[in-house]
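# Results of the structural survey
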Amino acid sequence: MKIAILHLLTSCSLPNASKASSSVPRTLANKLPAFIVGLINTNYAFACLDCATHLAEEVHRPERQVPIAIMGTVAIGFVASWFYSIALFFSMNSLSDLQTTVTGVPLLALFDQALGSTAGAIVLEALFIATGIWCLVASHTWQSRLCWSFARDGGLPASKFLSHVDKKVDVPLRAHFVSCVIVGILGLLYLGSYTAFNSMVTACIVLLYISYAIPVICLLIKGRNNIRHGPFWLGGFGLFSNIVLLLWTCFTLIMYSFPPVRPVAAGSKLLDSHYSNNSFR
């Protein structure tokens with residue numbers, strides 16, 4: 001949400017936006033693709049909503065608690081990020097300074113503009129880092145359960161080894177360790193190729209949407225009324241939501257594959273919100 005609004009406001013603040021009203025439709029047409037590509041950042045913030053489903057076997061009444069956890073995350077994230085974004089925009093003194101900051105972290109520069117204190121900016125940025133650490137713990141938790149459940153059902157190599165649950169701590173330590181190693185190896189891509197790493201990050205978003213679409217397709221083929229209804233059965237609105245999800249998946253599969261700048265070079269960066277503002281100028 002924050003990044004989406006930021007793209008909209010920065011696009012309107014560019015010199016082209018101040019031209020005569022006759023040029024507004026063309027300006028908006030040029031900026032719309034850049035805005036859509038920039039939504040990758042926003043989607044990434046909500047990319048792991050499915051993590052609650054991977055802990056369903058450890059939750060009391062998962063058919064009720066898991067949907068509440070997912071929708072609660074969306075609601076809290078929307079409300080909190082909306083007011084946070086408005087506060088950031090009113091605190092912005094110079095957009096160009098944020099885009100050219102020597103720190104390479106525009107948010108840190110924005111905090112410095114808002115507070116007028118480097119120490120205060122560092123403290124606020126540290127809070128973001130702390131939040132990221134706790135999110136990392138949660139991510140490792142659900143990915144270990146995902147690895148363990150696949151191994152338990154014989155869906156992975158060395159399934160017997162990975163499906164082991166440590167009796168002392170009652171968690172799948174082997175699956176957790178292997179998952180961490182795989183993630184660490186993928187992280188090394190950043191050292192070899194920035195483009196390859198960001199392509200993988202972008203692909204994660206699209207592949208997640210595809211993974212969401214697969215059970216929806218299976219549900220529609222089987223028939224929505226041919227399964228046992230849960231406590232949050234939405235009837236016709238649920239069917240509408242299923243269709244929207246499939247359409248959005250097709251849309252992102254195409255749009256999120258675009259490079260952020262023109263002309264396109266072999267080393268074009270993906271998932272770069274700074275450059276996507278100028279993508280289709």
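See the structure above.
The rules behind these values
Residues numbered from 1 in each chain as written. Predicted model: local features only at pLDDT ≥ 70, side-chain atom pairs only at ≥ 80, totals over all residues. Heavy atoms only, no water. Buried < 20%, exposed > 50% of the residue type's maximum accessible area, 1.4 Å probe, protein only. Helix = DSSP H or I, 4+ residues; strand = E, 2+ residues; numbered from the N terminus. Core = buried A, V, L, I, M, F, W, Y, C linked by side-chain atoms within 4.5 Å. Phe/Tyr/Trp six-rings, centres within 6.5 Å; stacked < 30°, edge-to-face > 60°.

The next subject is unusual backbone geometry. The phi angle at R61 is positive, at roughly 50 degrees, despite the residue not being glycine. Given the relative accessible area of 43%, R61 is considered partly exposed. The backbone of D170 shows a phi angle near 60 degrees, a positive value even though the residue is not glycine. Mapped onto the fold, D170 is located in the loop between α7 (159–162) and α8 (173–187).

Looking now at the nonpolar core. In this structure, I36, V37, L39, I40, I205, V206, Y209, M255 and Y256 together form the largest nonpolar core, which totals 9 residues. Elements supplying a minimum of two residues to this core: α2 (24–45) and α10 (194–222). Looking at this core element by element, the count peaks at 4 residues for α2. Judged by nonpolar contacts, the second largest core, of 6 residues, contains L88, L98, L110 and F111.

Aromatic ring pairs: the centre-centre distance and the angle between the two ring planes describe each pair. Following the criterion strictly, the structure yields 6 aromatic pairs and no others. Ring centres of Y84 and F128 lie 5.9 Å apart, and the angle between their planes is 45 degrees; this geometry places the pair in the tilted category. One end of the pair, Y84, is in helix α3 (residues 62–91); the other, F128, is in helix α6 (residues 118–152), and 44 residues separate them in sequence. Judged by its relative accessible area of 23%, Y84 is partly exposed. A centroid spacing of 5.9 Å and a plane angle of 45 degrees characterise the contact between F111 and F128, whose relative ring orientation is tilted. You can see F111 sitting in helix α5 (residues 106–115) and its partner F128 sitting in helix α6, a full 17 residues away along the chain.

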